Amino acid sequence: MDKIIVLIGAPGAGKGTQARLLQERRGIPQISTGDMFREMQTLDTPLAREVQEIMASGKYVPDELTSRMVKERTDRDDTKNGYVLDGYPRTLPQVEFLEELAKESNKTIEVIEVDVPKDELMRRLTGRRNCPVCGELYNIYSRPPANDNFCDLHPQSELKQRSDDKEESVRTRLETYERETEPLIDYYATSGRLKKVDGSGEVEDIYREVENLIN
Ligand code: AMP
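Now for a description of the structure that goes with this document. All figures in this text were calculated on a predicted structure; none of them were measured in a lab. (Residues numbered from 1 in each chain as written. Predicted model: local features only at pLDDT ≥ 70, side-chain atom pairs only at ≥ 80, totals over all residues. Heavy atoms only, no water.)

### Describing the pattern of salt bridges
We count it as follows: A pairing counts as a salt bridge when a side-chain nitrogen of Lys or Arg comes within 4 Å of a carboxyl oxygen of Asp or Glu. Numbering of helices and strands starts at the N terminus; helices are DSSP runs of H or I of at least 4 residues and strands are runs of E of at least 2. Exposed residues in this analysis have more than 50% of their type's maximum accessible area, buried residues have under 20%, and partly exposed residues fall in between, with area computed by a 1.4 Å probe over protein chains only.
Inspection of the entire model under this criterion finds 24 salt bridges. Where Lys195 meets Glu110, a salt bridge forms, and the shortest distance between an N and an O atom there is 4.0 Å. Here Lys195, found in strand 7 (residues 194-198), pairs with Glu110, found in strand 4 (residues 108-115); they are 85 residues apart in sequence, far enough to count as distant. By relative accessible area, which is 34% here, Lys195 ends up partly exposed. Of the charged contacts in the structure, one is a salt bridge between Arg124 and Glu120, with a shortest N-O distance of 2.9 Å. One end of the pair, Arg124, and the other, Glu120, are both in helix 6 (residues 118-126), four residues apart, so they sit about a helical turn from each other.

### Re the packing of helix 4 (residues 63-74) against helix 5 (residues 92-104)
How we decide: Note on definitions: angles span 0 to 180 degrees between N-to-C directions of axes, and those axes are lines fitted to C-alpha atoms, for helices only across the stretch in contact. In what follows, roughly perpendicular refers to angles from 65 to 115 degrees, roughly parallel to angles under 35, roughly antiparallel to angles over 145, and oblique to any angle outside these ranges. Crossing handedness: left-handed means the near helix sits turned counterclockwise from the far one by under a right angle, and right-handed means the same turn made clockwise. Any two residues whose heavy atoms approach within 4.5 Å are treated as being in contact. Under the scheme applied here, ten amino acids are nonpolar (Ala, Val, Leu, Ile, Met, Phe, Trp, Tyr, Cys and Pro), four are charged (Asp, Glu, Lys and Arg), and all others, including Gly, are polar.
Relative orientation of the contacting elements helix 4 and helix 5 amounts to 20°, with a least axis distance of 10 Å. For the element pair helix 4 / helix 5, the angle class is roughly parallel. For the pair helix 4 and helix 5, the sense of crossing is right-handed. Only Pro93, Gln94, Phe97, Leu101 and Glu104 of helix 5 make contact with helix 4, whose side of the interface consists of Asp63, Thr66, Ser67, Val70, Lys71 and Thr74. A class-by-class count of the residues in the contact of helix 4 with helix 5 yields four nonpolar, four polar and three charged.

### Some details on helix 4
Put simply, the rule is: By this rule the span expected of a helix is its residue count minus one, scaled by 1.5 Å.
If you check helix 4, its first and last C-alpha atoms are 16 Å apart, about what twelve residues at 1.5 Å a residue would give, namely 16 Å. Along helix 4, the residues that are buried comprise Leu65, Thr66, Ser67, Met69, Val70, Arg73 and Thr74.

### Concerning the nonpolar core
Test applied: The nonpolar core is taken to be a set of buried Ala, Val, Leu, Ile, Met, Phe, Trp, Tyr and Cys residues, with the residues joined through side-chain atoms within 4.5 Å.
Judged by nonpolar contacts, the single largest core of 50 residues is most densely connected at Ile4, Phe37, Leu85, Leu98 and Ile109. In terms of residues, this core owes the most to one element, helix 7 (residues 167-190), which gives six residues. Sequence-distant contacts of Ile4, that is, excluding residues within four places in its chain, are made with Tyr83, Leu85, Leu98, Ala102, Lys107, Thr108, Ile109 and Glu110.

### Concerning empty space enclosed by the protein
Applied cut-off: Computed over the protein atoms alone on a 1 Å grid, cavities are sets of points where a 1.4 Å probe fits but cannot get out and pockets are open sets with protein on both sides within 12 Å along at least five of seven lines; a residue lines them when it has an atom within 4 Å of a point. Grid points are joined across faces, edges and corners, and a volume is the space filled by probe spheres set on the points.
On inspection of all chains with the given rule, the structure shows one cavity of 30 Å³ or more. In this structure, the largest cavity encloses a volume near 50 Å³. In this structure, the largest cavity is lined by Leu7, Ile8, Gly9, Pro11, Lys15, Tyr60, Gly87, Tyr88, Pro89, Arg90, Tyr177 and Thr181. Split by residue class, the lining of the largest cavity holds seven nonpolar, three polar and two charged.

### Some words on the site of the ligand
Here is the rule: Residues are classed as near a molecule or strand on a simple rule: at least one heavy atom within 4 Å of it. Definition of a polar contact: a pair of N or O atoms within 3.5 Å, with one able to donate and the other able to accept a hydrogen when the atoms are protein atoms, and with sequence-neighbouring residues admitted only if both atoms are side-chain atoms. Shrake-Rupley sampling with a 1.4 Å probe provides the accessible areas, and residues are treated as covered by the protein chains on show and by no other component.
Lining the immediate surroundings of the ligand are 16 residues, of which Thr33, Arg38, Lys59, Gly87 and Arg90 lie closest. Here Thr33 contributes a side-chain N or O atom positioned 2.7 Å from a nitrogen atom of the ligand. In the complex, 96% of the free accessible area of the ligand, which totals 480 Å², lies under the protein chains. Per-element accounting of the shell around the ligand gives the leading share, four residues, to helix 2 (residues 33-40). Residues of the shell around the ligand, tallied by class, amount to five nonpolar, five polar and six charged.

### Some words on unusual backbone geometry
A cis amide bond links Tyr88 with the next residue in sequence, Pro89, at an omega value of -5°. Within the secondary structure layout, Pro89 lies in the loop between strand 3 (82-86) and helix 5. Notably, Asn106 is not glycine yet its phi reads approximately 60°, a positive angle. Counting through the fold element by element, Asn106 comes out in the loop between helix 5 and strand 4. Positive phi outside glycine occurs at Asp148, with the angle close to 35°. Relative to the elements of secondary structure, Asp148 occurs in the loop between strand 6 (137-139) and helix 7. Take Asp148: its relative accessible area is 67%, and that puts it in the exposed class.

### What about the sheet that holds strand 4?
The condition that has to hold: Any two strands between which DSSP finds at least two bridges are classified as paired.
Within the open sheet, the five strands sit side by side as 2-3-1-4-7. Their pairing is parallel. The sheet terminates laterally at strand 2 (30-32) and strand 7, the two strands that pair on one side only. In this sheet, neighbouring strand axes are inclined to one another by 25° on average, regardless of whether the strands run parallel or antiparallel. Note that strand 2 and strand 3 share three bridges and pair parallel. Bridging from a neighbouring strand, Ile31 pairs with Leu85 of strand 3. Along the sheet, helix 1 (residues 15-26) contacts strand 1 (3-8), strand 2 and strand 3; its crossing angle with strand 3, the most-contacted strand, is approximately 160°. Most of the contacts of helix 2 go to strand 2, to which it runs at about 60°, and overall it touches strand 2 and strand 3.

Okay, here's the thing in structure tokens:
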């Protein structure tokens, strides 16, 4: 496959879940800028601290840094037959960067919008918890763990909330998305590269739709 699949959608729409499934089941490498930044946060460097502050506030990391990271990652060999981008591009300069990257590597860009109503996004994000040991995802509203705030698979492991899933950061993230990223959907629609899935149903149903669209 010589495609770059871009999953676009608001925070909490489920882009990460779908990208992970494509990687697991179809072997298409998932490239998530959000995950890359979270990994970076584990380092104790001035840059890592700066990124951590930006993320916790719900704003975007500067384009230059973000695009350089994507470039480095996509230079690796495993991406030569295509990859899924989850959370990139999010701004117009990033769109332009990706157009260049696609041209250089002779790949086409296909965009899938994962669409979820705004009120549902709020519940998904502020309710989200994860197990720090295995990464299993829960939601205190729609998928609570059996035992209070502990992982079903690791009963000793207390669930954590991402610092940017706190209510105030979530509001900023949704506003930033509407202002900076939503316009990209029109851009890709105009150039005939946009497809859309309804992201409000069951994970497996959405995955089936996504798979149909990329085939
Ligand atoms: P995500 O896990 O995709 O929701 O990303 C979490 C946070 O990482 C975002 O709120 C931003 O602060 C940062 N981030 C991830 N991807 C990008 C991007 N493409 N451009 C700028 N900031 C990003």
